[in-house]
Amino acid sequence: MTNYFSSDFKLGILGGGQLGKMMLYTTRKFDISTYVMDASDEAPCKIACNTFIKGDLMNYDDVYNFGKQVDLLTFEIENVNVNALEALEKEGKKVYPTSKTLRAIQNKATQKLFYRDHQIPTSDFTRFAYLSEIEDAIDNGGLEFPFVWKAAQFGYDGNGVKVVRELSDLDTLPKGECIAEDLIPFKNELAVIVARNPSGDTKTYPVVEMEFHPEANQVEYVICPARIDDSVAKKATEVALKVSKAFNHVGLLAVEMFQTQEDQILVNEVAPRPHNSGHQTIEASYTSQFEQHVRAILDLPLGQTESKVGGIMVNLVGAEGHTGDVVYEHIEDIMKLDGVTPHIYGKKHTRPFRKMGHVTIVNEDLNKARAIAEIVKNTIKVISK
């Protein structure tokens, strides 16, 4: 058993954003030494890690050299040089989730093919090497409006996804590899976070329901537990566990799903890391998703995943029409409300729809929590000076 606590063990985290920063809540609590690499001098993680290294996450040498300095490597973003991770593993370095898991997930087209190969329910799709091939498919009747366009790589926070309803919707999209998915008329968007350690111990968090911003395609509210029938929740959890088993992942796997009008469960996509759909766990659960990820990758006993109380998360994103030094307007007003906790990520500059923080609302009555969440959403504004 490795001694991680108050020792010379070094945990490396690739990516210095808010997910890494919240992971560092746990490493500081456990006194685990952390190294973080990010391309930005203003990365949110910088203030909380033991050692910060500036580097390009997609650069082979930067990732490889960083990995050589630590004992175990994890990441808080998928856009990482996977060849460098693979080379480190071949030299005996532990990387969790593994390069194999990340390689399958990193490209949306190979991720969808993975579901098809493993009989995991997902929407029908077509893979295209170039955007122009979509136009050809429309012309010859092989593809019909509406459909969902997704960039195969480098999408995040709603970027790289667009509902295409007419030909002109393609005009502003990147020209490279992509997929076109059937547009599912769903009842709910759900998510289940699965935790798994190298010993194979597995735990799931309660199913959550996600409400999205119609234009930005970002999660506005995460509601836990989801307001669905127990039979649907059971089905969603079973599908998430099937996905986890297929990937044989270590760490956290957030599985986003659609609940169709017929109450079928279809996997939308996954993230092999802490995820927006688990932020409410910091206040509402016995074990936060960030602590659970650290426990899982270090092969420690997994924590209790039940909720202590109903929880809702509201994303704080930059207001439209505001770019520059950030101001959180009316933050004091929301802090007067019962059960409200703001989390500010430490990004000094705002721009429209940039994720700047989140607010958790906890209440034994989920309907009350949802009503307070609405007040929070309508009160606080993320603007520029």
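Scroll up a little and you will see the structure.
Cut-offs applied
Residues numbered from 1 in each chain as written. Predicted model: local features only at pLDDT ≥ 70, side-chain atom pairs only at ≥ 80, totals over all residues. Heavy atoms only, no water. Helix = DSSP H or I, 4+ residues; strand = E, 2+ residues; numbered from the N terminus. Contact = heavy atoms within 4.5 Å. Pairing = 2+ DSSP bridges. Buried < 20%, exposed > 50% of the residue type's maximum accessible area, 1.4 Å probe, protein only. Polar contact = N/O pair within 3.5 Å; in protein donor to acceptor, adjacent residues only side chain to side chain. Salt bridge = Lys/Arg side-chain N within 4 Å of Asp/Glu carboxyl O. 1 Å grid on protein atoms, 1.4 Å probe; cavity = no way out; pocket = protein on both sides within 12 Å on 5 of 7 lines; lining within 4 Å. Points joined across faces, edges and corners; volume = space filled by probe spheres on them. Nonpolar A, V, L, I, M, F, W, Y, C, P; charged D, E, K, R; others polar. Axes fitted to C-alpha atoms, helices over the stretch in contact; angles between N-to-C directions. Parallel < 35°, antiparallel > 145°, perpendicular 65-115°, else oblique. Left-handed = near helix turned anticlockwise from the far one by under 90°.

**Student:** Go over the environment of Ile 265 with me, naming the residues and quoting the values.
**Tutor:** Here Ile 265 shows up in strand β15 (residues 265–271). For Ile 265 and Ala 152, which are 113 residues apart along the polypeptide, the C-alpha to C-alpha distance reads 23 Å. Not counting chain neighbours up to four residues away, the residues in contact with Ile 265 comprise Pro 121, Leu 190, Val 232, Lys 235, Ala 236, Val 239, Met 257, Phe 258 and Gln 259.

**Student:** Could you give an account of the sheet that holds strand β17 (residues 324–329), naming the residues involved and the relevant values?
**Tutor:** Paired through backbone hydrogen bonds, the strands of a sheet run either parallel or antiparallel to each other. Strand order in the open sheet formed by 3 strands is β19-β17-β21, with antiparallel pairing between adjacent strands. Strands with a single pairing partner mark the edges of an open sheet, and in this sheet they are β19 (349–350) and β21 (381–384). Relative to β19, β17 is paired through 2 bridges, and the arrangement is antiparallel. Note that in β19 the partner of Asp 325 across the bridge is His 349.

**Student:** Before we move on, can you summarise the pairing of strand β13 (residues 219–224) with the specific residues and values?
**Tutor:** In terms of burial, β13 is a largely internal element, 6 of the 6 residues being buried. Sheet topology places strand β12 (residues 208–212) next to β13; 4 bridges connect them, and they run antiparallel. From the neighbouring strand, Phe 212 faces β13, where its bridge partner is Val 219. Judged from the 4 bridges that link them, β13 and strand β16 (residues 310–317) form a sheet pairing that is antiparallel.

**Student:** Requested: an account of helix α3 (residues 82–90), with residues and values cited.
**Tutor:** Buried residues of α3: Val 82, Ala 84, Leu 85, Ala 87 and Leu 88, and no others. For α3, the secondary structure elements touched by its buried residues are β1 (10–14), α2 (60–68), β4 (72–75), β5 (94–95) and α4 (99–106). Where α3 starts, the residue carrying a side-chain oxygen 3.1 Å from the main-chain nitrogen of Asn 83 turns out to be Asn 81.

**Student:** Describe the pattern of salt bridges, and please don't skip the residues or the numbers.
**Tutor:** As enumerated under the stated definition, the model contains 19 salt bridges in all. When the shortest N-O distance is used, the salt bridge between Asp 41 and Lys 46 registers 4.0 Å. Owing to a relative accessible area of 43%, Asp 41 belongs among the partly exposed residues under this scheme. A salt bridge links Glu 78 to Arg 273, with the nearest nitrogen and oxygen atoms 2.6 Å apart. Of this pair, Glu 78 sits in the loop between β4 and α3 while Arg 273 sits in the loop between β15 and α8 (281–284), placing them 195 residues apart in sequence. Taken as a pair, Glu 78 and Arg 273 share a single burial class, namely buried.

**Student:** Explain the side chain of Asn 188 to me, and be specific about the residues and the numbers.
**Tutor:** Secondary-structure assignment places Asn 188 in strand β10 (residues 186–196). Using a relative accessible area of 17% as the deciding quantity, one classes Asn 188 as buried. A polar atom in the side chain of Asn 188 sits 2.8 Å from the side chain of Gln 259. The residues contacting Asn 188, other than those within four sequence positions of it, are Glu 209, Ile 228, Met 257, Phe 258 and Gln 259.

**Student:** Account for empty space enclosed by the protein, with residues named and values stated.
**Tutor:** Per the stated rule, a full pass over the model turns up 1 cavity of 30 Å³ or more. By volume, the largest cavity is sized at about 60 Å³. Along the wall of the largest cavity there are 13 residues; nearest its centre are Tyr 205, Pro 206, Val 208, Ser 277 and Gln 280. When its residues are assigned to classes, the lining of the largest cavity shows 7 nonpolar, 6 polar and no charged.

**Student:** For the environment of Met 313, give the residues involved together with the corresponding values.
**Tutor:** By the element assignment, Met 313 lies in strand β16. Here Met 313 falls in the buried class, since its relative accessible area comes to 0%. When the C-alpha positions of Met 313 and Lys 385 are compared, they lie 26 Å apart, and in sequence the two are 72 residues distant. Dropping the residues within four chain positions of it, Met 313 is found in contact with Glu 220, Tyr 221, Val 222, Asn 276, His 279, Gln 280, His 358 and Val 359.

**Student:** I'd love a proper account of the layout of surface pockets, names of residues and values included.
**Tutor:** Volume-wise, the second largest pocket comes out at about 310 Å³. Lining of the second largest pocket is provided by 18 residues; of these, Glu 220, Val 317, Ala 319, Lys 377 and Ile 380 occupy positions nearest its centre. Elements that contribute at least two residues to the lining of the second largest pocket include exactly β13, β16, α11 (366–379) and β21. The element contributing the most residues to the lining of the second largest pocket is β16, with 4 residues. Classifying every residue of the lining of the second largest pocket by side-chain character gives 9 nonpolar, 5 polar and 4 charged.

**Student:** Would you mind going over the sheet that holds β4 in detail, with residue names and values included?
**Tutor:** Sheet architecture is open: 5 strands sit in the order β3-β2-β1-β4-β5, paired in parallel fashion. Since the sheet does not close on itself, it has two edges, and those belong to β3 (51–54) and β5, each with one partner.

**Student:** Account for the packing of α3 against α4, with residues named and values stated.
**Tutor:** Helix-helix packing: each pair is described by the crossing angle between the helix axes and the interaxial distance. The N-to-C vectors of α3 and α4 enclose an angle of 165°; their axes lie 9 Å apart at closest approach. As the angle between them shows, α3 and α4 are arranged roughly antiparallel. Crossing hand, α3 versus α4: left-handed. Of the residues in α4, those in contact with Val 82, Asn 83, Leu 85, Glu 86 and Glu 89 of α3 are Ser 99, Leu 102, Arg 103 and Gln 106. Residues that form the contact of α3 with α4 fall into these classes: 3 nonpolar, 3 polar and 3 charged.

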